[in-house]
Amino acid sequence: MGRTVNTKKAKRKNKKKGDAASSSSIPSMPTRVWQPGVDKLEEGEELQCDPSAYNSLHGFHVGWPCLSFDILGDKLGLNRTEFPHTLYMVAGTQSEKAPWNSMGLFKISNVSGKRRDVVPKTLVNGDDGMEDEDDEDEDSESDEESEDGASSVPNIQVRRVAHHGCVNRIRAMPQNPHICVSWADSGHVQVWDMSSHLNALAESETEGKDGTSPILNQAPLVNFSGHKDEGYAIDWSPATAGRLLSGDCMSMIHLWEPASGSWTVDPIPLSGHTASVEDLQWSPAEANVFASCSVDGTIALWDVRVGKTPALSFKAHNADVNVISWNRLASCMLASGSDDGTFSIHDLRVIQEGDAKVAHFEYHKHPITSIEWSAHESSTLAVSSGDNQLTIWDLSLEKDEEEEAEFKAQTKEQVNTPQDLPPQLLFVHQGQKDLKELHWHNQIPGMIVSTAADGFNILMPYNIQNTLPDLAA
């Protein structure tokens, strides 16, 4: 699943774990780096995850697939590094029939893992080669139990609330995580108070365990039907609690303002795009400024104090701009992902001087479905694509042949990185089908959660978490 040192392996399908006779009768196959979109599987081969590429890796599914989710801020501490972890999140389903949909509030506890060395100690100390397959099987088995012998499989609790229609996108308010907003395929934008469900999960280790809780009926705080079509774009303001933006497929954006426990939605939309508004992002530095992206290939910057049209707009991609992410640690940087598989980094300090694009990557070959900057490292971002890859990038990196030679010497030259990979590419995670959205956990450095048609993954790549700055110092 991961690509760092030897993250993908080709292995015979008919090898059975624990079958000594079968194992001994099949010659071992060499480990090699798998290049998605380049390498092809031979008949009888399959890809297998190398667990040593992760400090933590867990997968789960919740019934109907979820197109969108959000991680909730909690009171368990900032910059948590000790396993096991606990996290809360909210997600919305995409079911076969509208009445079957729901929003789920999740408590996921006992997320186990262990920190691994960037360079395996066995190689540095001069022991023989990479771990063989049996060693790796034992390693993955040992990860299933904690030191005291207890199961390390995550404990998943969920409370479900009925939601009429598929949930196109869902977001929790950063200042008050129990307040969530959902974009429905029915064209309605609804705000929900999930505090009772959040409290029930926080106070119990068994509430809603194993998805056994019933789907509860609850009325939203607000149900806005002023959009002329459904949409996907929505964002809470990080500066002003309760301030909200929603954008639709008819190119219109509505501004929401909090008012006495409810919201006032401006009936006159902001207009500046010529096609569907796909994503919205408030500025992390200026309370009245936000960015939008569109199927028309542009990104627009707006100031809500000045009229109903953008302050400026620029061509960002040659195809639909699906997603954007505003860097909260370096607020001059805006990342964008396109339907043609490319993603770009724009420096807003030089936008009026012409082309603000300072980096452009063509690694992915299918539409970019999600993009997000790390909350803990200003040069790091994660990207998901329709090619079933989740990639992590560090834009501060450049190719260093001397450093590569030193690393190869440490690993006895058993690691041969493909030459055509961008040096900024840190990690490739695979194993999910039809990836839709990812988020970094703002309070657990190095943790990413992703959703796809076949469920969720929680991952902590070893070469990401181990190289993050010491935030606890």
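Scoring rules and cut-offs
- Residues numbered from 1 in each chain as written.
- Predicted model: local features only at pLDDT ≥ 70, side-chain atom pairs only at ≥ 80, totals over all residues.
- Heavy atoms only, no water.
- pLDDT = per-residue confidence, 0-100.
- Contact = heavy atoms within 4.5 Å.
- Buried < 20%, exposed > 50% of the residue type's maximum accessible area, 1.4 Å probe, protein only.
- Helix = DSSP H or I, 4+ residues; strand = E, 2+ residues; numbered from the N terminus.
- Arc of directions from axis to C-beta.
- Phe/Tyr/Trp six-rings, centres within 6.5 Å; stacked < 30°, edge-to-face > 60°.
- Core = buried A, V, L, I, M, F, W, Y, C linked by side-chain atoms within 4.5 Å.
- Pairing = 2+ DSSP bridges.
- Axes fitted to C-alpha atoms, helices over the stretch in contact; angles between N-to-C directions.
- Salt bridge = Lys/Arg side-chain N within 4 Å of Asp/Glu carboxyl O.
- Polar contact = N/O pair within 3.5 Å; in protein donor to acceptor, adjacent residues only side chain to side chain.

Thoughts on the confidence of the model for the chain
With 80% of its residues at a pLDDT of 70 or more, the chain has an overall mean of 85. Across residues 1-26 the pLDDT falls below 50, and counting only partners more than four positions away or on other chains, this stretch makes 84 contacts in the model. This model gives residues 121-144 a pLDDT under 50, and the stretch forms 41 contacts once residues within four places in sequence are excluded.

Quick word on helix α4 (residues 195-202)
Note that an α-helix has 3.6 residues per turn; residues three or four places apart therefore point the same way. Taken together, the buried positions of α4 are His197, Leu198, Ala200 and Leu201. The buried residues of α4 occupy an angular sector of 160° when the element is viewed end-on, so they sit on one face. Where α4 is buried, its residues touch β4 (66-72), β5 (85-93), β6 (102-111), β7 (155-162) and β11 (215-216).

Comments concerning the packing of aromatic side chains
Throughout the structure, instances matching the rule amount to 13 aromatic pairs. Taking the centre distance of 5.5 Å and the plane angle of 5° together, the rings of Phe290 and Trp302 count as stacked. With Phe290 in strand β19 (residues 289-294) and Trp302 in strand β20 (residues 298-303), this residue pair connects regions lying twelve residues apart in the sequence. Just as Phe290 is buried, Trp302 falls in that class too. Every member of this aromatic cluster is reached through a ring pair, and the members are Phe60, Phe69, Phe106 and Phe456.

Focus on the nonpolar core
In terms of nonpolar packing, the biggest core is built from 18 residues, with Met89, Ile108, Val449, Phe456 and Ile458 touching the most fellow members. Breaking this core down by element, the ones donating at least two residues are β4, β5, β6 and β32 (455-461). If sequence neighbours within four positions are ignored, Phe456 has contacts with His58, Gly59, Phe60, Val62, Cys66, Phe69, Met89, Ala91, Gln432, Val449, Ser450 and Thr451. In terms of nonpolar packing, the next biggest core, distinct from the first, is built from 17 residues, Val323, Cys332, Phe361 and Tyr363 among them.

Regarding the sheet that holds β11
Note on sheets: strands pair through backbone hydrogen bonds, and any given pair is parallel or antiparallel. Across the sheet, which stays open at both edges, the five strands sit in the order β4-β5-β6-β7-β11 with mixed pairing between neighbours. Edge positions in the open sheet fall to β4 and β11, since each of these has one partner strand only. α4 rests against β4, β5, β6, β7 and β11 of the sheet, and its axis sits at about 160° to β7.

Describing the pattern of salt bridges
For the structure shown, the criterion picks out eleven salt bridges. Here Glu205 makes a salt bridge to Lys107, at a shortest N to O gap of 3.4 Å. Placement of the pair is Glu205 in the loop between α4 and β11 and Lys107 in strand β6, with a sequence separation of 98 residues. For Arg169, the salt bridge is made with Glu437, and the minimal N-O distance between the two is 4.0 Å. Taken together, the residues Arg169 in strand β8 (residues 167-172) and Glu437 in strand β30 (residues 435-440) connect sequence positions 268 residues apart. A single burial state applies to Arg169 and to Glu437, both of which are buried. Through salt bridges that share partners, Arg169, Arg171, Asp279 and Glu437 make up one connected network.

Quick word on the environment of Asn155
Checked against the element boundaries, Asn155 lands in strand β7. On the basis of relative accessible area, Asn155 is assigned to the buried category, the value being 14%. Filtering out sequence-adjacent residues up to four positions away, Asn155 remains in contact with Lys107, Ile108, Ser109, Asn110, Glu205 and Lys209. Polar contacts involving the side chain of Asn155 include one to the side chain of Gln157, which spans 3.5 Å.

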